[in-house]
Each structure stands twice: as C-alpha cells, then as structure tokens.
Amino acid sequence: MGLLGICFLVLWLLKIAAAQPLTDPIEVDALNKIIDHWNLRSKLNLTGDPCAQNAPWAPDQANPRVICVCSATICHITHLKIYALDISGELPKELFLLKELMDLNLAQNVINGTIPAEIRQLTKMQYLSLGINNLTGPVPPELGSLTKLVSLSFSSNNFSGPLPPQLGNLTSLQQLYIDSSGVNGPIPQELSNLKSLEILWASDNRFTGKLPEFFAHFMNIQDLRLEGTLLEGPIPSNYGALIKLQDLRIGALRNKDSSLDFVENMTSLSILSLRNCRIADQLPEKLISFRNLQILDLSFNKLTGQIPNSYQDFASLQFLDLGSNKLSGELPPNIMSSSLTALDVSFNSLSGYLPPKRSGLSMNIFGNSISDRTSDGGKASSTLSCLQGNTKCIDIASFSMNSGGTAIESADDTKYANDLETLSAASFYMSPNNQWAVSSSGIYISNPHGQKYTAQTGSQITGTLDSELYKTARISPTSLRYYGFGLSNGRYHVELHFAEIQMDDSHSWKGLGRRLFDVYVQGEKVLEDFNIQKEAGGSKRALVKTIGANVTNRVIEIHLLWAGKGTCCIPFQSTYGPLVSAIHVTQVAKSGRSSKNKKTHVGIIFGIVAGSAAGVLIVSSVFCLWWANRKAPSHMKVATDSTKKG
C-alpha cells in the first residue's frame, strides 16, 4: 500500500471514530465518582469513553459491568453491575444522575446507610437488585415512582418499619424479593395492585395481622414464600384461585386454624410446605392427582384421620413429611411410592408394621406404635419393661454426646459419646447403650451441595479449652430432637454447646447471615430466635447455654426447631436451621421416691429407621415414652450465656 493509500485509510478510520457518539458527559463524571467512592478503580479503570465499542467492561461475564445504549448523537449508561465485590459505604448521590439506568445490580455487598429519596429519579429502571447488603432505615416510598420495574429485590438487609403502600404503584412488577429485609407491621392493602407478580419471597419478616386475602389477586403467581412471620391464620379459601402456583411455602401462622380445601385445584405444585400452620383437617385424596408434586411438608399441624392408601400412587413425590400431627390408623403398607426417598410420620398415633425396606429410602416413624415384623426388640425391650415399671431400671444420672463428631473427653473430664451416625431427611438413631437417641426431620430444598446434616470446620474455636468439641455439629433444616432414656427422676442441668461454624463474621457480604432457631426442653420453649453468632460475640466462638429441667418420667427431650426465621442463603444456599455442637445432661438433685413400681398408662413407641444411603435397617428399638398423654414438666433457665473461657 502506497503513502496515498495509507492516508486514505487513516482518514477513513478518523471518520469512523468521529461517527461513534460519546457518552453523556454528566454520566461519565458520575460514573467516575461512583468508581472512586467504592474504590473500584483497580477493577474498572475507565481509560476512555464508558460506552466505547468492545470495551472490556461490557461482556456478560464482566464485573463490574457497564452497558450503554447509543443514539446517533449520544450514548447513555443503561446497565450497571457491581456484584459481590464487598463494596462498602453509602449509596453515592452520583448514582442517581444515571437517569437512563434500566438495570442496577448492587447485590451481595456491604453497602450501608439508607436508600435516598433521590432514587425516584431512576424512572426507567426495570431491574433493581439491592439484596444482601447492610442497608438500614425505612424502605423509601419513592420506590413507588419506579413504575417500570419488573424485578425488585431488597432482601437480606436491616430495614425497619412497614412496607410503604406506594409499592402498590409497581403494577408491572413480576418479581419481588423482600425476605429477611427487616420490615414489619401489616402488609399494605395497596399491594393488591401487583397483579403481574409471578414470584414473591417475603419470609423472615415481622409482618403482623391476618394473612392477606388479596394475595388471591396474584393470578400469575408461581412462587410464594411466607414463612417465619407473625401473621395470623387462617389461610384464606380464595387462595384456591392461584392455580399457577408451583412453589408454595407458608409457615408459623398464629391463632386460627386452617383447612386444606384451598389446595384442591393447585395441580401445578411441585413444592407444598405448610409447616406449623395450624391446619386442622384430614389429608385430602385429591393430592394424588398432583403429578408434579415432589415435596410435601405438612408437619407440625393438627391433621387427623388416616393416611390415604392412595398416597402410594404419587407420581413424582420424593419427600413426604407428616410428622408431629394427630394422624391415626395403620400406616399404609405400600406408602413408599417408587419415587419417594424420605418419609417422616414421626410423633403421630399410627399403628401397623414397618413398610418393606428398599435402597435409597429413609424413614422416621418414631413416636408411633409401628413395629418391625422381623425384630423382637432385643436389648431395647428391657428398656421398655423398665420404663413401664415391670422391672427395675438401671438409673442413669447423666449422658453426653459430641453432636456430629467422634467421642471426646473434655478438659473437665466429661466424656462425650460418639454421635457420628449419618442422618438424612427423615432419621432416628438410638445410641448403642440405649441411653440417648436423636431424631432429625427436614430437607434442604435448594442445597447445591446435596443433603448434609452435619457441619465441620478446621478452624480453631475460641473461648473454650475444648476447641475440638466445637469443630463438628449436627444441623437440620427443620427439626432436631435429642432424648435421654432411663434417667433417675429429679432435677437436671442441660448444657447445650454451640459455635457458629458455617457463617462468617467477616466484613464481607458473607458475614451478613443470621441463623435463628428455637430451643425447647421438656416441651417448653426456653430459647426463642436464638442467634449463636450474636450471643457468642462472633463466629467460631464457643457458647454454652445451661437450662434447668425436671425429669418425672425417666425421659428428657431437647428439641431444636427452625421456625422459618433468619437468612436462608448466606454465605451459601441452605445455610439455616438448628445447629448444636454438643449436649451434656447431668442430674443435680434427686427428688423423692422413684416411681418404678407404679404402672402408668403410656404410649409405646417403636423407633425403626431404614438408612437412606445404604438402605439397611439401622436400629430396631422399643421405647416407652409419655408422649400422647404427657404433661410438660416445669423447668427454669439457670444460665443464659455461660461461655467457657479459654
């Protein structure tokens, strides 16, 4: 190419460059100030025009990411993503000068402060994600000005006060994620205008009042989650109109009973969880026609009657939890459909025989009169005879176990037994010496790492001389119960050992998780919304709670229960529910004469479990436990934060 040709090429390139419109200078200046405000210059060093073609910050995988839309004369910034980069500080005022923004993703950071009223200036916004941050103050009513919003998320923050009724102006909204956001009070009636909603996650907020009837207006809703609130029942019958629902999770309703009539036409459901909703009804035969139903959790309700024989015909059901109800009659012998992997019918009044075992199925039938045709009870029969008063008991004054870990002796010479048995979504395990047992119920619906019911850490645990005791723990997505059997009647101290080994307390977004659960001893709630990390003063710090309890029937029950509260997914999916590191129960005083010669009307409990992994019978034991007719013994809290010092 000659000199003349090179000159023409240069002129042509200059013409092309001149034809490329530049970004609005106000937006360029604002973006640079945002970058400096959040110290992002090393990750987003704008050396040229933000909207330049083929810019390295424009591809889908770029983070931070800047996308523009250009006309013939000017370019505007329309997309800004700064995701999971641990940016901190308040929302800068320059952010609201990017008035052409359609998509703003600032999720999974540690942004603090309030959302300024200036957010009303971003009227072209369609997708706004502020979830998993440390934002505080009220949810601004100015969000109601963003009427083009299709998706709005401010979940997992620390807001206060009620939802602003102006959110009802967002009539184009299809997705609303406000779970664990901190809001409280009644749900505004104005939200009934959100008729385009397809997804509503609103769990773990202190909503009050009745479960809104206007939710029935959300005719396009496919995913509705409302667990861990202060809402009252009943579940409105008009919810039956929500026939597009695929995932329905409601929990912990108060005051009034509900029925299951409303689910009759929800045949698109794949997940139905109505745990602890005061459902006083019988199991509907209609559910068998739900061909897509994979998870059915109706535990902790007031269900009566029999389990329909037709439940063996579920086409896709994988997890069935009917535990802690008032079901009676015989357990259907063919209840295990071919797709079922976990069955929990514990703590009912069922009878009959253990269904045929098969590989890949776990069962928890503890708390019923269900027996195994192939077992004579063995050693456990002597425990039954003793507890019924027919033979002399071997009095036990204490027991201890290292939850999820190996046997260990502590610095104060307490011997903690091995508690390594693999548990699953529906499990019961009896210790080899018949002195204690553990029952676990629940499934981690969205855990990418599979179903794991223990947690471990290699980190050192502070605040204790027994770091190894706290490096393992039992965890559960719903319910974790421990029992002691054959105890001498009298006064006991129950030591519950905790250390938060799954959640961080770093300055990252990964440190924003909150684990909350309740603890019951002898049927009475002794810890509510218990937060290990908060009470211990950080993660990986030992904490001991000591509870006083009376044993009057030779049995003690310790129950850890998730009531739908706390974050679900920080630092990873399915990080929630009860966690306990170890338990030590010891008698502190004997109270009066033993009742070993007094025959009492009791319920007989056959605890038989088929292992989910190996598909073999783990244990066949018979217990006598005053469950159906028990009176919760009185107890008192003797210490609430007795952390051992290291």
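Shown above is the structure to which this text applies.
We now turn to the structure provided with this report.

Reading guide: rules and limits
- Residues numbered from 1 in each chain as written.
- Predicted model: local features only at pLDDT ≥ 70, side-chain atom pairs only at ≥ 80, totals over all residues.
- Heavy atoms only, no water.
- 1 Å grid on protein atoms, 1.4 Å probe; cavity = no way out; pocket = protein on both sides within 12 Å on 5 of 7 lines; lining within 4 Å.
- Points joined across faces, edges and corners; volume = space filled by probe spheres on them.
- Helix = DSSP H or I, 4+ residues; strand = E, 2+ residues; numbered from the N terminus.
- Nonpolar A, V, L, I, M, F, W, Y, C, P; charged D, E, K, R; others polar.
- Polar contact = N/O pair within 3.5 Å; in protein donor to acceptor, adjacent residues only side chain to side chain.
- Pairing = 2+ DSSP bridges.
- Contact = heavy atoms within 4.5 Å.
- Phe/Tyr/Trp six-rings, centres within 6.5 Å; stacked < 30°, edge-to-face > 60°.
- Buried < 20%, exposed > 50% of the residue type's maximum accessible area, 1.4 Å probe, protein only.
- Disulfide = S-S within 2.5 Å.

## Concerning the layout of surface pockets
Approximately 900 Å³ is the volume found for the largest pocket. Lining the largest pocket we find 34 residues, and of these Asn-276, Phe-300, Ser-324, Tyr-520 and Leu-561 sit closest to its centre. Counting only elements with at least two residues in the lining of the largest pocket, the list comes to strand E34 (517-521), strand E35 (524-530) and strand E37 (555-561). For the lining of the largest pocket, the per-class residue count stands at nine nonpolar, eleven polar and 14 charged.

## Describing the environment of Ser-424
Residue position: Ser-424 is located in the loop between strand E27 (415-419) and strand E28 (426-430). Reaching out from Ser-424, the side chain makes a polar contact with the side chain of Ser-362 at a distance of 3.2 Å.

## Concerning the sheet that holds strand E31 (residues 472-475)
Here three strands make up an open sheet; going across it, the order is E30-E31-E38 and the pairing antiparallel. Looking at strand neighbours, the two that pair on one side only are strand E30 (454-456) and strand E38 (579-580), the edges of this open sheet. Here E30 runs beside E31; their pairing, made up of three bridges, is antiparallel. When the bridges of E31 are listed, Gln-456 appears paired with Thr-472.

## Topic: the side chain of Ser-151
Looking at where Ser-151 falls in the secondary structure, it is placed in strand E9 (residues 151-153). One polar contact links Ser-151 to Gln-175, side chain to side chain, over a distance of 3.2 Å. Not counting the four nearest positions on each side in its chain, Ser-151 is found in contact with Gln-126, Tyr-127, Leu-128, Leu-173, Gln-175 and Tyr-177.

## Here's the deal with the packing of aromatic side chains
Under the criterion given, the structure shown has 20 aromatic pairs. Arranged with centres 5.7 Å apart and planes meeting at 45°, the rings of Tyr-444 and Tyr-453 form a pair that is tilted. A relative accessible area of 2% places Tyr-444 in the buried class. Here Tyr-453 falls in the buried class, since its relative accessible area comes to 4%. Ring centres 5.5 Å apart and planes at 85° place the aromatic pair Phe-517 and Phe-530 in the edge-to-face group. Placement of Phe-517 in strand E34 and of Phe-530 in strand E35 is noted, with a sequence separation of 13 residues between them. With a relative accessible area of 2%, Phe-530 lands in the buried category. A connected cluster of aromatic rings, assembled from ring pairs, spans Phe-347, Phe-366, Phe-428, Tyr-483 and Phe-485.

## Considering the state of the cysteines
This structure, assessed with the given rule, holds three disulfides. Paired through a disulfide, Cys-70 and Cys-75 show a sulfur-sulfur distance of 1.9 Å. The sign of the 105° torsion about the S-S bond sets the Cys-70-Cys-75 disulfide as right-handed. For Cys-70, a relative accessible area of 36% gives the class partly exposed. Under the relative-accessibility criterion, Cys-75 is labelled buried at 0%.

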